[in-house]
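Residue strings, one per chain:
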Amino acid sequence: MTALSCGALVGPQAVSAQTAAAAGVGRGTNILIVGIDSRAGLSTAEKNRLHVGGKGCNCTDVMMLVHLSEDGRRASVVSIPRDSYVEYAGSAVPARSGKINGAYAFGGGPLTVATVEKATGLHVDHYLETDFTGFERTVDNLGGATVCTDRPLQDENSGLDIGAGRHHTDGNRTLRYVRARHVNLRPGDLGRVRRQQRVVNDLLARLTVEGALASPLRTARTVRTLLKTVRTGERTGPGDLIRIGWTLGRLRADRTEFATVPIRLFDHRVPGVGSTLVWHEARSAALWEALGADRPITGDTRIQPVAQTPAPTNPAAIGVRVDDATVAAALSRNGFVVTDTSPSAPLVRPAGPPVIRYAPGQEEHAATLAAALPGARLEAVAGHDAFFDVAIGTDAAPVREVTYDRNIADGAPVTGDSLRCSEPPGAVPAVRS
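Residues numbered from 1 in each chain as written. Predicted model: local features only at pLDDT ≥ 70, side-chain atom pairs only at ≥ 80, totals over all residues. Heavy atoms only, no water.

*Asks:* Help me understand the environment of T120, please; the structure alone is not making it clear to me.
*Replies:* Tracing the chain through its elements places T120 in helix α3 (residues 103-120). When its relative accessible area of 1% is taken as the criterion, T120 is described as buried. Along the primary structure T120 and L287 are separated by 167 residues, whereas in three dimensions their C-alpha atoms are 9.0 Å apart. In terms of polar contacts, T120 uses its side chain to reach the backbone carbonyl oxygen of V116, at 2.8 Å. Only 3.1 Å separates the side chain of T120 from the backbone nitrogen of L122, close enough to count as a polar contact. (Helix = DSSP H or I, 4+ residues; strand = E, 2+ residues; numbered from the N terminus. Buried < 20%, exposed > 50% of the residue type's maximum accessible area, 1.4 Å probe, protein only. Polar contact = N/O pair within 3.5 Å; in protein donor to acceptor, adjacent residues only side chain to side chain.)

Okay, here's the thing in structure tokens:
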């Protein structure tokens with residue numbers, strides 16, 4: 001309820017239930033929650049205030065499928081990226097395919113629900129939606145939200161501009177945080193849906209601590225607040241929301257799970273549709289099968305295989321200067337963009353392990369390079385250029401093969417207690433912005 005506020009194929013094809021999961025109602029309760037991208041009825045001043053001046057698509061901008069286990073002891077929240085390439089539900093022959101967010105434009109909430117059911121093989125029991133102003137008012141009505149980041153975040157498109165640390169944000173600022181798609185090392189949908197999940201996780205935790213979901217009576221009051229800004233499907237009434245909210249309010253953070261549908265192709269071009277996301281067929285099928293069988297999704301290696309040496313960022317985006325030809329060649333084979341500077345290496349190597357020097361603010365790229373050079377020492381150097389310099393010392397410098405998977409970096413299944421970003425030393429918590 002807190003989310004209200006926020007078989008193999010040959011080649012890439014739109015996903016349908018026949019390729020996603022076994023059909024059937026399954027156990028537990030499934031709730032589809034969407035945020036609508038619509039500027040209808042907004043004045044110029046309101047668009048400027050919300051920083052949504054672009055052209056609306058009358059489509060879903062945010063989509064989360066929430067699964068409550070049959071025993072009420074676990075909740076799994078799965079974000080479905082808006083550009084997912086799927087077959088729409090309906091009687092059209094041949095079946096119409098497109099981005100999953102486009103189903104709303106063709107048939108509103110009912111077609112959106114039917115399309116999610118077709119793509120996942122899961123039955124949707126309840127449906128809820130809100131829009132930009134509804135989201136803003138919902139967050140304000142609930143007393144604001146807490147967002148956190150270990151580095152400054154800026155996005156001109158959404159108007160996001162916050163510093164490192166924890167911030168207590170109003171509805172407007174929170175909207176900018178969850179809409180941003182052009183942020184630092186986390187561009188696109190996977191990065192932003194993780195931020196959306198963090199907001200949901202925090203709201204659920206805070207409502208629980210404040211006792212807003214502590215009893216059916218208190219939950220009913222919270223539901224009345226939410227229904228001021230949230231619309232429901234015809235099968236969903238206040239009584240359903242009270243039962244859902246009370247269940248969520250009794251869950252520990254480690255009994256909530258958050259994930260994003262695993263993606264195989266991140267820029268699949270479709271004529272007339274544009275750039276789309278193609279689900280990883282085997283992993284997404286395992287995800288929907290687990291939910292349909294009412295099983296946890298965290299720890300399931302069919303959904304998210306465990307890489308031997310995971311890399312937090314893409315080696316192909318990291319320029320490295322290396323003063324040893326053997327190490328340079330090995331890093332190049334590993335996908336790094338390498339310049340061999342061995343001709344200018346010192347005749348006498350310094351004692352100790354390799355040293356990686358880089359500019360402050362490049363810590364995630366540095367972690368990727370360090371994963372490939374186990375034992376290397378990291379040194380942030382003020383004024384350093386955009387390249388990473390690797391100086392080999394007298395110690396052995398083996399190069400380990402690293403695996404970069406955007407699904408791991410931004411969308412792997414995690415529990416609510418671990419879905420928190422770290423704060424830099426000296427950061428002031430809960431800065432109001």
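*Asks:* I tried to follow the sheet that holds strand β1 (residues 29-37) on my own but got confused; where do I start?
*Replies:* What links the strands of a sheet is backbone hydrogen bonding, and the strands pair in either a parallel or an antiparallel sense. Read across the sheet, 7 strands follow the order β11-β6-β1-β2-β3-β12-β22 without closing on themselves; strand pairing throughout is mixed. Bordering the open sheet on either side are β11 (231-232) and β22 (414-415), each of which pairs with just one other strand. As judged from the 2 bridges shared by strand β12 (residues 256-260) and β22, these two strands associate in the antiparallel manner. Within β22, the position partnered with F258 by the bridge is V414. Lying over the sheet, helix α9 (residues 281-292) contacts β2 (59-68) and β3 (75-79), oriented at roughly 150° with respect to β3. (Pairing = 2+ DSSP bridges. Contact = heavy atoms within 4.5 Å. Axes fitted to C-alpha atoms, helices over the stretch in contact; angles between N-to-C directions.)

*Asks:* Sorry if this is basic, but what is going on with the side chain of D37 here?
*Replies:* Mapped onto the fold, D37 is located in strand β1. The exposure class of D37 is buried, given its relative accessible area of 7%. Setting aside chain neighbours within four positions, we find D37 in contact with G56, C57, N58, C59, D61, R82 and F132.

*Asks:* Would you take a moment to explain α9 for this structure?
*Replies:* Owing to its 3.6 residues per turn, the α-helix brings residues three or four apart onto one side. The terminal C-alpha atoms of α9 lie 16 Å apart, and with 12 residues this matches the ideal 16 Å at 1.5 Å per residue to within 8%. Buried residues of α9: E281, R283, S284, A285, A286, L287, W288, A290 and L291, and no others. A positive phi of about 65° marks D294, the residue just after α9. (Expected span 1.5 Å × (residues − 1).)

*Asks:* Quick question: what am I supposed to make of unusual backbone geometry here?
*Replies:* Generally, phi is negative for residues other than glycine and the peptide bonds are trans, each holding for most cases. Not every positive phi belongs to a glycine, and H51 is a case in point at roughly 60°. By the secondary structure assignment, H51 is in the loop between α2 (44-50) and β2. What makes H51 partly exposed here is its relative accessible area of 28%. Positive phi outside glycine occurs at D294, with the angle close to 65°. Mapped onto the secondary structure, D294 falls in the loop between α9 and β15 (310-311).

*Asks:* Would you take a moment to explain the sheet that holds strand β18 (residues 355-358) for this structure?
*Replies:* Taken in spatial order, the 5 strands make up an open sheet running β17-β16-β20-β18-β19, and their pairing is mixed. Each edge of the open sheet carries a strand with a single partner, namely β17 (337-340) and β19 (377-380). Pairwise comparison of adjacent strand axes, ignoring direction, gives a mean angle of 25° for this sheet. The sheet strands contacting helix α10 (residues 325-333) are β16 (319-322) and β17, and the helix crosses β17 at an angle near 165°.

*Asks:* What should I look at first to understand the side chain of R206 in this one?
*Replies:* One can find R206 in helix α6 (residues 188-209). Note on R206: relative accessible area 15%, which makes it buried.

*Asks:* So what exactly am I meant to see when it comes to helix α7 (residues 216-226) here?
*Replies:* Among the residues making up α7, those that are buried are T219, A220, T222, V223 and L226. For α7, the angular spread of the buried residues around the axis is 165°, confining them to a single face. Exposed residues on α7 whose side chains face more than 90 degrees from its buried face are L217 and R224. Here the buried face of α7 lies against α4 (132-141) and α8 (238-249). (Arc of directions from axis to C-beta.)

*Asks:* What should I look at first to understand the nonpolar core in this one?
*Replies:* The nonpolar side chains of soluble globular proteins are, as a tendency, buried together. The biggest cluster of nonpolar side chains holds 33 residues, and the ones touching the most others in it are L32, I80, W279, W288 and I297. Listing elements by their share of this core, those giving two or more residues are β1, β2, α3, β14 (274-279) and α9. It is α3 that provides the largest number of residues to this core, a total of 6 residues. By size, the runner-up hydrophobic cluster in this structure holds 23 residues, among which are M64, V77, L128 and A212. (Core = buried A, V, L, I, M, F, W, Y, C linked by side-chain atoms within 4.5 Å.)

*Asks:* What is the right way to read the packing of α7 against α8 from this model?
*Replies:* A pair of packed helices is characterised by two quantities: the angle between their axes and the separation of those axes. Where α7 contacts α8, the two axes come as close as 9 Å, and the packing angle between them is 120°. Here α8 runs oblique to α7, going by the angle between their axes. Read as a crossing pair, α7 and α8 show a hand that is right-handed. Note on element contacts: α8 touches α7 through P238, L241, I242, G245 and W246, opposite P216, T219, A220 and V223. Each residue belonging to the contact of α7 with α8 can be placed in one class, and the counts come to 7 nonpolar, 2 polar and no charged. (Parallel < 35°, antiparallel > 145°, perpendicular 65-115°, else oblique. Left-handed = near helix turned anticlockwise from the far one by under 90°. Nonpolar A, V, L, I, M, F, W, Y, C, P; charged D, E, K, R; others polar.)

*Asks:* Sorry if this is basic, but what is going on with a positive patch on the surface here?
*Replies:* On the surface, R137, R218, R221, R224 and K228 cluster together to form a positively charged patch. Here R224 is to be found in helix α7. Under the relative-accessibility criterion, R224 is labelled exposed at 53%. (Patch = residues over 30% accessible without salt bridge, like charges linked within 9 Å, V, L, I, M, F, W, Y side chains within 5 Å. Areas by Shrake-Rupley, 256 points an atom, 1.4 Å probe, with all protein chains shown as cover. Salt bridge = Lys/Arg side-chain N within 4 Å of Asp/Glu carboxyl O. Lys, Arg positive; Asp, Glu negative; His and termini not counted. Charge placed at Lys NZ, Arg CZ, Asp CG, Glu CD.)

Functional significance is not addressed by these values, which are geometric in nature.
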